[in-house]
Every structure is written in structure tokens, then in C-alpha cells.
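An overview of the molecular structure
So you can see what is in the structure, the chains are spelled out below.
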Amino acid sequence: MNKEIVHVYLMPGMAANPIIFEHIELPENQFEVHWLEWIMPIDNESIEDYALRMTHNIKHENIVLLGVSFGGVLVQEISKHINTRKLIIVSSVKSMHELPKHMVLAKKTKAYALVPTQLAGNIDLLAKYAFGSHIKKRLDLYKKYLSVNDSKYLSWAIKQMVCWSQTESPTDIIHIHGDNDLVFPIKNITDCITIKNGTHIMIINKYKWFNENLPRIILEN
């Protein structure tokens, strides 16, 4: 008797393309992996409406949704529109209460509005903003992962991230977080699977851990 194939949809982080998942390999007799990509936001579109539009790219029922960083925020919003088998976030936050202080301050002062014009067209700065300042030595390597270098998208994404208003974590969410994440420091994070020496880009450089552990995490009740 054939096993049921579990469909796993992966959403990259802010400004990133799905190539960040190029080394994620799950057993093909159990799982089928699908990459989601950022679409351009409509003027003044809320993240809730954007998430509803993203559901049009999901072609299966009872899926696993996994999102990285801002993609983790988005999959939580998508999960409010569809049934999911598992909701997993990596290097992300579960509510506004896990945001770092500088993002909370940026929301209050609306400083986030100044950032996108500096990032658009400046791939070095964008890479440091998206992945964390610690990647300087390997900047060229990580540039290939950033393809959404559009000021309209960046303005929308940064505002949605900083101003995200979710106050309570979803029930049954699985949060995987690195203890050396400089974008979303572990000190602000609760109820997570902690990856030792994991940084904000651990989906890229600790893919072996994910390949070994994701099948169990997805299938366990």
C-alpha cells in the first residue's frame, strides 16, 4: 500500500528567493517539497490580504507550511486562510512580543519608512539587512539568495514586519531558532527548538540538521 505523500511548502525570508532551500532534501517516498516565492504587493495591501493572495499558489490540502524569518510571519498569516497539517517557522517570531527592541522603536517612530530607499539597488546592504551583519566575509555567496530587490516590495515588507500586530502565538506552531540569531535574538523568543550556534541563516548553513530532523518533526503528532 502506498504511503500518503505529505506536501511541504517552503517560504523564504524577506527579499530572498527559494534557492535558500536548495539543500533541503526530504525523503521522496514520504514528502513532496514545493517552493513559494514572493509576489509584488498591491498598493496599501495588508499582510492579511497578501497572505490570502498567496494561497492561490498552494495547490494541495492539509499541507505543511514552513517559513523563514519574515516568511515565517507570512506563513502564520496564510495558515489563517487554509487548513495545515503542520505550521513551522525558522529564525522568525510568533508574535509582536518577540520582536527586538529596535524594531519596536522603529514602529513607534516610523523609522522603517526610511530604510527601503537605502536598500533598493544596494545588494551589499540588503544582504546584511536580510541575513545579519555577521555575513560580511561570505557576502558574495549570499547575494545569490536575494532576488527581490524592488523598493516597492521592500517598503511593504519592512513595514509589515515591523508593524506586525499578532499578539498571541498560534496553537501547535513549531518554532526552530538559533541561539546566535542576531536579527531576532533568542532572548526574546519563547517555546522553541533551539539550534546550538544557529544564526539567522541556519536554513542555509545548517541544512543537514533540517534534513535529519524535519521528517520526524513533520510526522510526529
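First things first, this report covers the structure right here in the doc. (Residues numbered from 1 in each chain as written. Predicted model: local features only at pLDDT ≥ 70, side-chain atom pairs only at ≥ 80, totals over all residues. Heavy atoms only, no water.)

Before going further, it helps to examine the layout of surface pockets. Roughly 230 Å³ of internal volume is contained in the second largest pocket. Residues of the lining of the second largest pocket, tallied by class, amount to six nonpolar, three polar and four charged. (1 Å grid on protein atoms, 1.4 Å probe; cavity = no way out; pocket = protein on both sides within 12 Å on 5 of 7 lines; lining within 4 Å. Points joined across faces, edges and corners; volume = space filled by probe spheres on them. Nonpolar A, V, L, I, M, F, W, Y, C, P; charged D, E, K, R; others polar.)

The backbone phi angle of Asn62 is positive, close to 50°, even though this residue is not glycine. Its place among the elements puts Asn62 in the loop between helix 1 (47-54) and strand 3 (63-68). Overall, the relative accessible area of 39% leaves Asn62 in the partly exposed class. Phi is positive for Ser91, which is not a glycine, with a value near 50°. Mapping Ser91 onto the fold places it in the loop between strand 4 (84-90) and helix 3 (101-109). By relative accessible area, Ser91 is classed as buried at 0%. (Helix = DSSP H or I, 4+ residues; strand = E, 2+ residues; numbered from the N terminus. Buried < 20%, exposed > 50% of the residue type's maximum accessible area, 1.4 Å probe, protein only.)

Another aspect to go through is helix 9 (residues 207-219). Counted at 1.5 Å a residue, the expected span for helix 9 with its 13 residues is 18 Å, and the 19 Å between its end C-alpha atoms agrees. Maximum bend of helix 9: about 40°, positioned at Asn213, with proline Pro215 one to four residues after it. The complete set of buried residues in helix 9 reads Phe210, Asn211, Asn213, Leu214, Pro215, Ile217 and Ile218. (Expected span 1.5 Å × (residues − 1). Bend = angle between axes of the 7 residues up to and from the residue.)

Once that is clear, we can look at the packing of helix 1 against helix 2 (residues 70-78). Between helix 1 and helix 2, the shortest axis-to-axis distance is 8 Å and the interhelical angle comes to 75°. When the interaxial angle is binned, helix 1 and helix 2 end up roughly perpendicular. Of the residues in helix 2, those touching helix 1 at Ile47, Glu48, Tyr50, Ala51 and Met54 are Phe70, Val73, Leu74, Glu77 and Ile78. Within the contact of helix 1 with helix 2, the residues separate by chemical class into eight nonpolar, no polar and two charged. (Axes fitted to C-alpha atoms, helices over the stretch in contact; angles between N-to-C directions. Parallel < 35°, antiparallel > 145°, perpendicular 65-115°, else oblique. Contact = heavy atoms within 4.5 Å.)

Here the focus is the nonpolar core. Counting 65 residues, the largest nonpolar core has Phe70, Ile88, Tyr153 and Ile176 as the members making the most contacts within it. Counting residues per element, this core draws most heavily on helix 7 (residues 151-162), which supplies seven residues. (Core = buried A, V, L, I, M, F, W, Y, C linked by side-chain atoms within 4.5 Å.)

Moving on to the sheet that holds strand 5 (residues 174-178). A sheet is described by the order of its strands in space; here six strands give the open sequence 2-1-3-4-5-6, paired in parallel fashion. Both outer strands of the open sheet, strand 2 (31-35) and strand 6 (193-195), are each paired with one neighbouring strand and no more. Each strand axis lies, on average, 20° off the axis of its neighbour in the sheet, ignoring direction. As paired strands, strand 4 and strand 5 are joined by three bridges and run parallel to one another. Across the sheet, residue Ile88 finds its bridge partner in strand 5, namely Ile174. Of the strands in this sheet, strand 1 (6-11), strand 2, strand 3, strand 4, strand 5 and strand 6 touch helix 9, which is tilted by about 145° from strand 4. (Pairing = 2+ DSSP bridges.)

Scanning the model with the defined rule gives six salt bridges in all. Of the charged contacts, one joins Lys80 and Glu77 as a salt bridge, the two residues approaching to 3.1 Å between their closest N and O atoms. Notably, a salt bridge pairs Arg216 with Glu220, separated by 3.6 Å at the nearest N-O pair. (Salt bridge = Lys/Arg side-chain N within 4 Å of Asp/Glu carboxyl O.)

Moving on: the pairing of strand 3. Successive side chains on a regular strand alternate, one facing one side of the sheet and the next facing the other. With respect to burial, strand 3 is a largely interior element, six of its six residues being buried. Burial along strand 3 is two-sided: Ile63, Leu65 and Gly67 and Val64, Leu66 and Val68, pointing in opposite directions, are all buried. Examined bridge by bridge, strand 3 and strand 4 share six bridges and lie parallel to one another. Residue pairing in the sheet places Ile63 in a bridge with Thr84 of strand 4. On the question of chirality, the crossover connecting strand 3 to the parallel strand 4 by way of helix 2 is right-handed. (Right-handed = clockwise from strand over helix to strand, strands pointing away.)

From the geometry alone we can't say anything about function, so treat these as descriptive.
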